[in-house]
Amino acid sequence: MPGKLRKRTESVEGKPASASQVEMVEVVLPNDANPLGNILGGRVMHLIDIAAAIAAHRHANSYVVTASVDYVDFRHPIRVGDLIVLKASVNRAFRTSMEVGVKVFSEHVLTGERKHTSSAYVTFVAIDEAGQPKTVPPLILRTADERRRHRDAAARRRIRLAHRYKRA
Ligand SMILES: CC(C)(COP(=O)(O)OP(=O)(O)OC[C@H]1O[C@@H](n2cnc3c(N)ncnc32)[C@H](O)[C@@H]1OP(=O)(O)O)[C@@H](O)C(=O)NCCC(=O)NCCS
């Protein structure tokens with residue numbers, strides 16, 4: 001049921017978005033690539049999940065599981081030998097779940113040119129030792145961008161929960 005109302009069982013101190021932000025960089029190796037010499041989409045999705053999970057772990061300081069990925073698009077190929085740069089940031093903390101936004105860039109090692117290649121929104125749920133969802137700290141917003149992402153995350157949550165809980 002979307003928007004289940006439950007009381008917070010403990011009062012938790014807020015944390016700024018900057019405290020959990022992640023920048024992850026890897027070099028694209030031949031093993032990551034398709035026969036055209038471009039990174040595989042599945043490899044990009046794996047790295048998105050990892051970068052986003054680290055941001056969620058840092059915010060919640062607990063185990064987290066991936067609940068959903070809204071969508072991932074691939075705007076430009078990333079070539080073998082390029083760097084793949086992933087920036088992940090908690091957009092909004094709900095009760096036990098968090099939306100993390102991930103932006104992916106390619107970076108050419110010789111020129112330093114960066115291209116925005118993918119974006120994704122990943123939702124994680126914090127889990128306690130018994131495997132039950134647990135409350136996460138509120139997110140402290142400090143910048144106009146953080147406030148915009150926080151606002152937009154509410155609309156995305158409505159859509160994803162409508163999909164999750166719709167009757168089959
Ligand atoms: C994600 C999971 C914990 C949710 O469990 P559940 O029984 O539906 O739990 P609840 O109904 O109490 O919901 C818990 C939170 O998950 C959120 N949630 C559940 N399904 C969701 C979805 N598809 N997208 C976004 N959020 C979702 C709920 O909105 C709620 O968030 P809130 O407390 O911030 O409001 C459970 O479905 C699960 O364990 N899934 C498998 C996770 C997994 O193995 N991932 C891949 C490997 S890490």
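The preceding data block contains the structure.
Definitions and limits used
- Residues numbered from 1 in each chain as written.
- Predicted model: local features only at pLDDT ≥ 70, side-chain atom pairs only at ≥ 80, totals over all residues.
- Heavy atoms only, no water.
- Helix = DSSP H or I, 4+ residues; strand = E, 2+ residues; numbered from the N terminus.
- Buried < 20%, exposed > 50% of the residue type's maximum accessible area, 1.4 Å probe, protein only.
- Contact = heavy atoms within 4.5 Å.
- Polar contact = N/O pair within 3.5 Å; in protein donor to acceptor, adjacent residues only side chain to side chain.
- Core = buried A, V, L, I, M, F, W, Y, C linked by side-chain atoms within 4.5 Å.
- Near = heavy atom within 4 Å.
- Areas by Shrake-Rupley, 256 points an atom, 1.4 Å probe, with all protein chains shown as cover.
- Nonpolar A, V, L, I, M, F, W, Y, C, P; charged D, E, K, R; others polar.
- Pairing = 2+ DSSP bridges.

Chemist: How should the environment of Glu 26 be read in this particular structure?
Modeler: Along the chain, Glu 26 falls in strand E2 (residues 22-27). The exposure class of Glu 26 is partly exposed, given its relative accessible area of 28%. Placed 59 residues apart in sequence, Glu 26 and Val 85 show a C-alpha to C-alpha distance of 6.8 Å. When near neighbours in sequence (up to four residues on either side) are disregarded, Glu 26 contacts Arg 43, Leu 47, Asp 82, Leu 83 and Ile 84. Among the polar contacts made by the side chain of Glu 26, one reaches the side chain of Arg 43 at a distance of 2.9 Å.

Chemist: Looking at this structure, I do not really get the nonpolar core. What am I missing?
Modeler: Soluble globular proteins: nonpolar side chains tend toward being buried together. With 31 residues, the main nonpolar core has Ile 48, Ile 84, Leu 86, Met 98, Val 100, Val 102 and Phe 124 as its most contacted residues. Counting residues per element, the ones that place at least two in this core are E2, helix H1 (41-60), strand E4 (83-93), strand E5 (97-107) and strand E6 (114-127). Per-element tally for this core: the top contributor is H1, with 9 residues. The contacts of Met 98, once residues within four sequence positions are left out, are Ala 56, His 59, Ala 60, Val 64, Val 90, Arg 92, Ala 93, Val 122, Thr 123, Phe 124, Ala 126 and Val 136.

Chemist: Teacher, can you tell me more about the side chain of Ser 106 here?
Modeler: Locating Ser 106 in the fold gives a position in strand E5. In contact with Ser 106, other than residues within four places in its own chain, are Ile 78, Asp 82, Leu 83, Glu 113, Arg 114, Lys 115 and Thr 117.

Chemist: Would you mind going over the site of the ligand with me for this structure?
Modeler: Near the ligand lie 17 residues; those nearest to it are Thr 66, Arg 95, Thr 96, Ser 97 and Arg 157. Separating a nitrogen atom of the ligand from a side-chain N or O atom of Arg 164 is a distance of 3.1 Å. Protein contact buries 66% of the 940 Å² of open area that the ligand shows by itself. If you list the elements that add at least two residues to the shell around the ligand, you get strand E3 (63-72), E6 and helix H2 (144-165). Top contributing element to the shell around the ligand by residue count: H2, with 5 residues. Taken together, the residues of the shell around the ligand sort by class into 6 nonpolar, 5 polar and 6 charged.

Chemist: It is not clear to me how the pairing of E4 should be interpreted in this structure. Could you clarify?
Modeler: It is a general feature of regular strands that their side chains alternate between the two faces of the sheet. Most of E4 sits out of view: 9 of its 11 residues are buried. In this structure, E4 lies alongside E5, joined through 10 bridges in antiparallel fashion. Following the sheet pairing, Val 90 is matched in E5 by Val 100.

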